[in-house]
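The primary structure of each chain is shown beneath.
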Amino acid sequence: LIIGLGNPDEQYQNTFHNAGYLTTDYFIKKLNGKAAKPEDWETGPKNFIFLKTSGIIFVKPTVYTNESGKAVSEAAKYFSGFLKKVRPEQILVIHDDIDIELGNFKLSFNKNSAGHKGVESIIKALKTKEFWRLRIGIGRPNADKRGLKRGTTRKKVKAMEVVLSKIGKIDSEKINQAIKDSFKQLEIAD
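Residues numbered from 1 in each chain as written. Predicted model: local features only at pLDDT ≥ 70, side-chain atom pairs only at ≥ 80, totals over all residues. Heavy atoms only, no water.

1. Focus: the packing of helix α1 (residues 19–32) against helix α5 (residues 169–186)
- Packing of α1 against α5 leaves a shortest axis separation of 10 Å and a crossing angle of 55 degrees. Between α1 and α5, the angle is such that the two are oblique. The handedness of the crossing between α1 and α5 comes out as right-handed. Of the residues in α5, those touching α1 at L22, T23, Y26, F27, K30 and L31 are I179, K180, S182, F183 and L186.
- The residue makeup of the contact of α1 with α5, split by class, is seven nonpolar, two polar and two charged. (Axes fitted to C-alpha atoms, helices over the stretch in contact; angles between N-to-C directions. Helix = DSSP H or I, 4+ residues; strand = E, 2+ residues; numbered from the N terminus. Parallel < 35°, antiparallel > 145°, perpendicular 65-115°, else oblique. Left-handed = near helix turned anticlockwise from the far one by under 90°. Contact = heavy atoms within 4.5 Å. Nonpolar A, V, L, I, M, F, W, Y, C, P; charged D, E, K, R; others polar.)

2. Digging into α5
- Compared with an ideal rise of 1.5 Å per residue, which puts 18 residues at 26 Å, α5 spans 26 Å between its outermost C-alpha atoms and is within 8% of the ideal.
- Among the residues making up α5, those that are buried are D171, I175, A178, I179, S182 and F183. The buried side chains of α5 occupy one side of the element, clustering within an arc of 140 degrees when seen end-on. Seen from the open side of α5, the exposed residues pointing more than 90 degrees away from its buried face are K169, I170 and K184.
- At its buried positions, α5 is contacted by α1, β6 (105–109) and β7 (132–137).
- After α5 finishes, the residue E187 shows a positive phi value of roughly 50 degrees. (Expected span 1.5 Å × (residues − 1). Buried < 20%, exposed > 50% of the residue type's maximum accessible area, 1.4 Å probe, protein only. Arc of directions from axis to C-beta.)

3. Focus: unusual backbone geometry
- The backbone of A114 shows a phi angle near 55 degrees, a positive value even though the residue is not glycine.
- Assignment of secondary structure puts A114 in the loop between β6 and α3 (117–126).
- A114 gets classed as exposed once you look at its relative accessible area, which sits at 61%.
- For K127, which is not glycine, the phi torsion reads 60 degrees and is therefore positive.
- Along the chain, K127 turns up in the loop between α3 and β7.

4. Structural notes on the packing of aromatic side chains
- Taken as a whole and judged by the stated rule, the model has eleven aromatic pairs.
- Ring plane angle 90 degrees and centroid distance 6.1 Å describe the contact between Y12 and Y64, whose orientation is recorded as edge-to-face. Here the residue Y12 occupies a position in the loop between β1 (2–4) and α1, and Y64 occupies one in the loop between β4 (56–61) and α2 (68–80), the gap between them amounting to 52 residues.
- Owing to a relative accessible area of 18%, Y12 belongs among the buried residues under this scheme.
- Residue classification places Y64 among the partly exposed positions, given a relative accessible area of 35%.
- An aromatic cluster is defined as three or more aromatic residues linked by ring pairs; in this entry it consists of F48, F50, Y78 and F79. (Phe/Tyr/Trp six-rings, centres within 6.5 Å; stacked < 30°, edge-to-face > 60°.)

5. Looking at α1
- With 14 residues, α1 extends 20 Å from end C-alpha to end C-alpha; this agrees with the ideal 20 Å at 1.5 Å per step.
- Listed as buried for α1 are A19, G20, Y21, T23, T24, F27, I28 and L31.
- Contacts from the buried residues of α1 go to β1, β3 (48–53), β4, β5 (92–97), β7 and α5.
- G33 sits one or two residues past α1 and shows a positive phi near 80 degrees.

6. Considering the confidence of the model for the chain
- Looking at the chain as a whole, its pLDDT mean stands at 87, while 88% of the residues score no less than 70.
- Of all helices and strands in the chain, the one with the weakest mean pLDDT is helix α4 (residues 159–163) (72), whereas β1 scores best (97).
- Below a pLDDT of 50 lies the segment residues 150–155, which in the model reaches six contacts outside its immediate sequence neighbourhood of four places, other chains included. (pLDDT = per-residue confidence, 0-100.)

7. Considering the side chain of S113
- On the secondary structure map, S113 appears in the loop between β6 and α3.
- Relative accessible area serves as the criterion here: at 11%, S113 is assigned to the buried category.
- A polar contact of 3.4 Å, which involves the side chain of S113, links it to the side chain of E120.
- Sequence-distant contacts of S113, defined by excluding residues within four places in its chain, comprise V119, E120, I123 and R133. (Polar contact = N/O pair within 3.5 Å; in protein donor to acceptor, adjacent residues only side chain to side chain.)

Listed below in C-alpha cells is the structure:
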C-alpha cells in the first residue's frame, strides 16, 4: 500500500500539507502515462479512496492529515482480505516534513513521528512504527520567503502556518523535483 497524506477539502489543495497527495498523483501518472481523474478512484469503506495500478494500491485518506491513523488502519484491514494480511512493513506513507529542506526527501523505516501529527496518529492506530515513510521536505523558512505574516522576517514561522500555506511557483518546482527524484530512487516502475 502506498498512502499519500493530505487534507481533503478544496481549500487545502496545493498546500504543503498535501505533499503526500501530490506525490501519489505523480506516481500514478508515471505508472499509467496519464493523470488519474476523480472518477478513477474507488471509495473505501469510510475514510479513504484508492486506485489500483501496476500491482500497487494507492490510497488517499479522506480525513484530515492529523487524523490519518484511522484511514491507514482501515485500509490495511480492508486490503488484508485481498492480499492475505497487510503487514505494517508493506505500507509506505508519504507526507510532508518541515524538518527536511525544501526540495529534498528521505525514505525511512521504523522512525518516531518527529512531531508530525498525522504520523503520530498512524503509529497509534497501527500500534507500531515499523512502516515505511517517504518524507517530502517542505523546510521551515523565514516568514518573508513564503509571504507569511509580514514583518516577521527574522523569526521562524510556526509549523501550522507553513504546512497550511499555498505552494508558490518556486517552491512548487523544488517539491516537484523532490517527488521526481523519490520516484526514481524507489524504482517503482519496471
